[in-house]
Every structure is written in structure tokens, then in C-alpha cells.
Amino acid sequence: MGSFQAAIVLLLALMTGRLSAEPLLLPNGSELAEYDIWSHSEFQVDSEGTWDLPTMLNSNSWQSTLDHSSSLPYVKGALWIRTIIINRSPEKIVLMLDHPYTLTDEIAVHVQHQGTITQTMIAGDHVASSGAVAHHRNPVFALDLRPGENTLYIKVKSLALISGKFDLWEPMPYFNKVNRELVFVAVLLGGILILICYNLFLYLSLNSKVYLHYVIYLLAFLSVQNILSGASRIFLVRGNEALFLYWNEGLHVSVKVAWTFALSFAVHFLNLPTFHPRLARLMRFMTIFMASTLVTGLFLPYRMDSAFTVALTVPCSITLLGLGIWSCLRGYRPALYYTAGWAVLILGSVVLALKTVGLLPINLVTTWAQLVGATVEGLVLSLAVGARYTYLQKRSAAEREVFIKKLMEKEASKAHSYSQLEKIIYPHQIELIKSGSNLEQTMPTGAGEACVISFDTIGSSKLEHDKARAFLNDTFALCYRDMLAGYSQKKMEASAYRLKEMGDGFFCTVGFPFHTPDGQNPAELALRLALQFSKNFHAEAQRHGFARMPQASIAIAFGEVEAYYPSAGVVEYNMFGRGIVLADRYEKLRKGALRQLKFSGNLLVIDDRIFQMLSPTSQALFQRFDVDSRHHTIRDDEQAHCFYFKELPHDAPLSLPVSA
């Protein structure tokens, strides 16, 4: 049909009222690429979805598209489109009809020429393809347009967005465009797949939950992009029921899984349990709620579940971005990467949504904005995860240094405390305390028998004041050293236990609470200690250079003693008992029964019980003092008939052989 004849057909059509839209005249000799047929079309909305092709062939209720957008959000039923294309060529030509929405459920394209349906093609993600071009991400139809007038009847049916946008392409430009897109999509999806492998490797290497959650999020997001971009349609044969399920309900599941692990990832990545426990609990609740929405697809209709999924996307996106901004303001450095990644993804998603509802044109930027944003987000968040690991390593190192410093300070403080404790308690007590014992468990309590030594400096108030304190301290230090002779932590043995110090004298016990070393005779050991104390006293007196040699009075008595810890106040080990009282009474005999005797050296007094426990060699050292014969009594020991004493001269101090 020539151009003149085509013009006549168009004029007759307009005169008879057949058309309210201008037919599409195919150009001669010029390349046709991405030509939108909507402005040359008429449409009808089949709200019940029951109209068939014969009904539409006989319908006169077509509406012009000139005042309507090609995007008709959530139209129920089906959209019918009629477009007249006039082929001014004398030969049949083939054009590609591309529908740029991959999620459309069902598209049926019928071509009528001279009253006869010459082609019927079906495609969509809810139906098996028939006659459509296979292995393309979008529904694509190869139109055989005969010379003259060809009328297209297109039925678009979908539970989601229904769009009437269809683009005409000549085959060569179209396939060039498809190949470019294929490379572009392969690079982007391949990039996400590489990031998944990279983060999976990090998870297996570092065993950190944050990497596992991010890997699952990326897998779910890859599934979403695989469906939205139509990449799965390129390699998979249509018509499989499992694929229909994946392309529809699988999209909702993938989105929900992606948001679930995105929220969980944010909790771990931003360290919310450490920095904001309450917010962490709220986010965990939100994560659990998001996971529970996976079951909504089992009982909600597809359209409602789709709307519900979209409704979940908005608060999740705002929450994740808000958490990143909040963490940045808080000074958490890895959150900068996190926030940038989510901002790019959300921007891409907004661009895609505006394109989908018709507010933005369909072009390379709007079509692939979300996939580009997703790839950039995956890359940035992978960098963020690495930055977080580095940040945590540095922070951990800093915290470890602080911890070690505090630990060293604590150990130094503890060592100082123990060194100070050694001045007031015995080494075995410190070891028991270190192992968890209470102080009250470190020394034996209760009653026992012991040889008690009482040591006193005679006339200490008359000593030269500038030398007296140093002299007594040095003397008592030597005596304490002698008491510790033979000390054993495990056997609880020592020569003596220092009971108390009273300025110019002290008490000590032999045989309790410490056992005598190697089972020695406590009386012999007590006598040996008393003689050594006298030597120490004399040696230190000489060293300090007193003008007048001081004297010491020493007494040894045997009796019962009882050890205890007080139940209140400062916990201090102490003893009381008859043995201590008697030692004090016998030491005071220098002022009583022995006051008439004149001694130039130190005085040693023992009671009869101690004397009877000594060896004959030791007994020979003492003089007997009969109490009854001189009409004296010993306070608190009225039954005693005698005691024994010995002057310990300064010029020749006495000592006993070790075997005594």
C-alpha cells in the first residue's frame, strides 16, 4: 500500500469514527528504536477480567490514551490496548514489541490484518510463554507486520502494577541494546556474587556473626534483583510452576528475608548491644517481627501481600538509614560507610519506584537505579565491614592495653597489699587468702596447751630516750626472727608464735598454734628461745651504746590457751587462757618473791611444770625457790609450791646445745 492509499485509509477511519488515536505510520528507511506506542493507542479497562478477544474486536468503547498515563497502579482485572500500525512498505516487516516490566503476570498480543488474526503470542510470569521471544528478561514479542493496516490487540493482566507501555524496536537495534544490558546486568549481579563470596570467606575465617548475617542479606537481595531485573528469565525456560512461584511469592519472601537480616546485621555492625542496649532490644523485636511476616504469604492474597511487603520496606529503610546517621553523630566511624551504602540503595529504590508509577521516564538510569544502588551498597558495606573489623581490632588493642595497664596496676596494688599483709600475718595465711579462704580459716582456733614466754624490759622508762625505741625495735625484730625458725607453711610448724607486743615487752607461745619443728620438746624449745632472746637483748644493748646496761625479765609458764577471731570489728587473731596469765605472774615475781635478790644480768623464771618437762642438763641451770618455806604465794597459781630462776649474766650469756 502506497503513502497515498494509507492516507485515504486514515481519512476514512477518522470520518467513520473508528479511531480516537492517530495510527502509527511506520517510517520508511529510518531506524525505529524504543518507540512508545501508547500515544497511538486506545484502551479499555476490563475490571472483571472476563473479556475475550472476540468481545474486544466488536467493542466500540475504546478510550483515547492522550490524557492518560501508561501506568495504571493496581487496576483490578485487565487492561486492553488497541493500536493500529500502518506498514507503508510493500513487504512484511518484523518489529520487536518490548514491555519493560518484568513482573507483569500475563500479556497476550494479537495481530489482526484485513480482519484476520495472524498472530497470537502470550508471555508473563504467571503463564507459560507461547509465541513470545524466549530468553529475554522482559516480555518480548516479534510482530510480523504485513503491508497496510495491522491492528494490535494487547491484553495486560497483573495483580501488581499494570502498565500500558510497549516499545517498538527494529530487531538489530533491539538486540544490540539487549546485549549491552546483558553485559551490564552480568557485571552488577556478578559484583554482588563476588561480594557474597568475599564476605562468606571472612565469616569462615573470622567466625563473626556480622559477616554471616551480611552474607544472608546479600543472598536474599541478589534473589530480589534477579527477579526484578528479569535476569532469571534470560537463562531459565519459562513455563515451570516452580519458577512462577519464585518470580511471584518468591519475590516477597526474598524481600522479607533481606530486611530481616539487614536489621540483624545493623544491630551487630553498629554494636548496639554495647552502645545502646535498649535500642538493641527494640531492633531485635523488629527483626523477629520481620521474620514472622514470612508466613503472611500463606494466607494473604498476592495483591495484599505485595502491598504489605511494600509497606514494610518504608519503615525498614528509614530505620536502617536513621541508625546509620545516629551512629555517625555518636562518633562511630564505620557507620559512615554504612550510612553511605544505605543512602545509595534507598536513592536507587526511590528512583525505581518513581519510574514504576510513571513519575519518572523509563531510561537506562531509572531502569537500573536500584540494581546499581544495590551493587554500590554491597561494595560500600563490604568496605564498612572491613573498616568495622579494623576499628574493633584497634579498639580491642587499645582496650587490651588499658586492661593490661589496669591489671598491672591492680597486681602492683595487690602485691603491695600482700607485702603489707606479710607484716601482720604469716605467709601461709596469705597463700590461703589468695586461694579463696577467709582470714578466719587461715589459723587454728579453739583450745590447746602451750609454753608461754613473757618478755619484759626492766625499767624501760629510765632508758636513754633517744635510743630506747630503736633498741627495743631491733631487739624484738631479732626475737621475731628466732620465733620463725623452722617455719613450715604446709606442716604449720614454727619455733614460736608471737602473741602480742606491749611496747617494752612481748608474749609468745611454743607448741600452739604452731607445732614445734620436727616434734621438739616444747619446754626445751621455749628455754632455748628465752636464752636466745636474752642474747639478742644484750647484743643490741651493747650495739646501741647505753651508758648503763639495761636488764630484761623473762618467764616461761605452761598452761591452757585458747585462740579465736572476734565476731565483730577488726578481725585479729588473738589468744587468752591460763598459760598467758601464769607467764605474766611469774615474770612479775621479780617484784615479789625475788625482789630481795640483787641481779646484775637478765632474769629467767620458769614454773614447776616447765621444769619437770626439761632434761636433767637443762634443769641443772636453775635454782629452786620454795614458795611455802618463805611464806610467799603466786597469784593465780596458789597450788604451786616452788618455781625456778636463773640469772643470765651479760658477760657470759648462757646457751643450750641443740640436742638438749
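Residues numbered from 1 in each chain as written. Predicted model: local features only at pLDDT ≥ 70, side-chain atom pairs only at ≥ 80, totals over all residues. Heavy atoms only, no water.

Undergrad: Would you mind going over the overall build of the protein with me for this structure?
TA: From N to C terminus, the protein includes 18 helices and 21 strands. For the protein, the spread of C-alpha atoms along the principal axes amounts to about 165 × 45 × 40 Å. Within the protein, the proportion of its 660 residues that are buried is 47%. As displayed, the protein has an accessible area near 31,900 Å², and 60% of this comes from carbon and sulfur atoms. Charge centroids of the protein, computed over 57 positive and 56 negative side chains, lie 4 Å from each other. (Helix = DSSP H or I, 4+ residues; strand = E, 2+ residues; numbered from the N terminus. Buried < 20%, exposed > 50% of the residue type's maximum accessible area, 1.4 Å probe, protein only. Areas by Shrake-Rupley, 256 points an atom, 1.4 Å probe, with all protein chains shown as cover. Lys, Arg positive; Asp, Glu negative; His and termini not counted. Charge placed at Lys NZ, Arg CZ, Asp CG, Glu CD.)

Undergrad: Could you clarify how one ought to interpret the sheet that holds strand β13 (residues 167–169) in this entry?
TA: Sheet strands pair via backbone hydrogen bonds, and the direction of the pair is either parallel or antiparallel. Here we have 4 strands laid out as an open sheet, ordered β2-β13-β7-β10, and antiparallel in their pairing. A strand with exactly one partner marks an edge of an open sheet, and here the two such strands are β2 (35–36) and β10 (140–145). Pairing of strand β7 (residues 93–98) with β10 involves 6 bridges; the strand directions are antiparallel. Across the sheet, the residue bridging to leucine 97 is phenylalanine 141, located in β10. Those strands touched by helix α3 (residues 171–206) are β7, β10 and β13, and its axis lies near 35 degrees from that of β7. (Pairing = 2+ DSSP bridges. Contact = heavy atoms within 4.5 Å. Axes fitted to C-alpha atoms, helices over the stretch in contact; angles between N-to-C directions.)

Undergrad: What am I meant to see in the packing of helix α4 (residues 209–228) against helix α7 (residues 249–269) here?
TA: Working note: a packed helix pair is described by the angle between its axes plus the distance between those axes. Their axes nearest at 8 Å, the elements α4 and α7 cross at an angle of 155 degrees. Classified by the angle between their axes, α4 and α7 sit roughly antiparallel to one another. Remark: the crossing between α4 and α7 carries left-handed chirality. The residues of α7 that touch α4, namely those facing Lys209, Val210, His213, Tyr214, Ile216, Tyr217, Ala220, Phe221, Ser223, Val224, Ile227 and Leu228, are Gly250, Leu251, Ser254, Val255, Val257, Ala258, Phe261, Ala262, Ser264, Phe265, His268 and Phe269. Partitioned by chemical class, the residues of the contact of α4 with α7 number 17 nonpolar, 6 polar and 1 charged. (Parallel < 35°, antiparallel > 145°, perpendicular 65-115°, else oblique. Left-handed = near helix turned anticlockwise from the far one by under 90°. Nonpolar A, V, L, I, M, F, W, Y, C, P; charged D, E, K, R; others polar.)

Undergrad: How do you make sense of the side chain of histidine 99 when you look at a structure like this?
TA: Mapped onto the elements of the fold, histidine 99 is located in the loop between β7 and β8 (106–113). Classification of histidine 99 as buried rests on a relative accessible area of 0%. Separated by 2.9 Å, the side chain of histidine 99 and the backbone oxygen of lysine 165 make a polar contact. Setting aside residues up to four positions removed in sequence, histidine 99 forms contacts with Thr104, Ile107, Asn138, Pro139, Ser163, Lys165 and Phe166. (Polar contact = N/O pair within 3.5 Å; in protein donor to acceptor, adjacent residues only side chain to side chain.)

Undergrad: Can you walk me through the packing of aromatic side chains in this structure?
TA: Each aromatic ring pair is specified by the distance between its two centres and by the angle formed by the two planes. If you walk through the whole model with that rule in mind, you get 35 aromatic pairs. Of the aromatic side chains, those joined through ring pairs into one cluster are Tyr214, Tyr217, Phe221, Trp259, Phe265, Phe269, Phe275, Tyr332, Tyr338 and Trp342. Of note, arginine 498 hangs over the ring of tyrosine 480, and the distance from its end group to the ring centre comes to 4.4 Å. (Phe/Tyr/Trp six-rings, centres within 6.5 Å; stacked < 30°, edge-to-face > 60°. Lys NZ or Arg CZ within 6 Å of the ring centre and 35° of its normal.)

Undergrad: Got a minute to help me understand the nonpolar core in this structure?
TA: Nonpolar side chains in soluble globular proteins tend to end up buried together. Counting 52 residues, the largest nonpolar core has Tyr217, Tyr338 and Trp342 as its most contacted members. Only α3, α4, α6 (241–247), α7, α9 (277–292), α10 (302–329), α11 (334–356) and α12 (364–421) provide two or more residues apiece to this core. Counting residues per element, this core draws most heavily on α4, at 11 residues. Those residues in contact with tryptophan 342 that sit more than four places away from it in its chain are Tyr217, Trp259, Ala262, Leu320, Leu321, Glu377 and Leu381. If you look at the next biggest cluster of nonpolar residues, it comprises 38 residues, including Leu472, Phe533, Phe537 and Ile556. (Core = buried A, V, L, I, M, F, W, Y, C linked by side-chain atoms within 4.5 Å.)

Undergrad: Got a minute to help me understand the packing of helix α14 (residues 465–483) against helix α15 (residues 522–544) in this structure?
TA: Where α14 meets α15, the axes come as close as 9 Å, and the angle between the chain directions of the two elements is 150 degrees. Crossing angle aside, the handedness with which α14 passes α15 is right-handed. Contacts between α14 and α15 pair Lys467, Ala470, Phe471, Asp474, Thr475, Leu478, Cys479, Arg481, Asp482 and Met483 from the former with Leu529, Gln532, Phe533, Asn536, Phe537, Glu540, Ala541, Arg543 and His544 from the latter. Tallied by class, residues from the contact of α14 with α15 come to 9 nonpolar, 4 polar and 6 charged.

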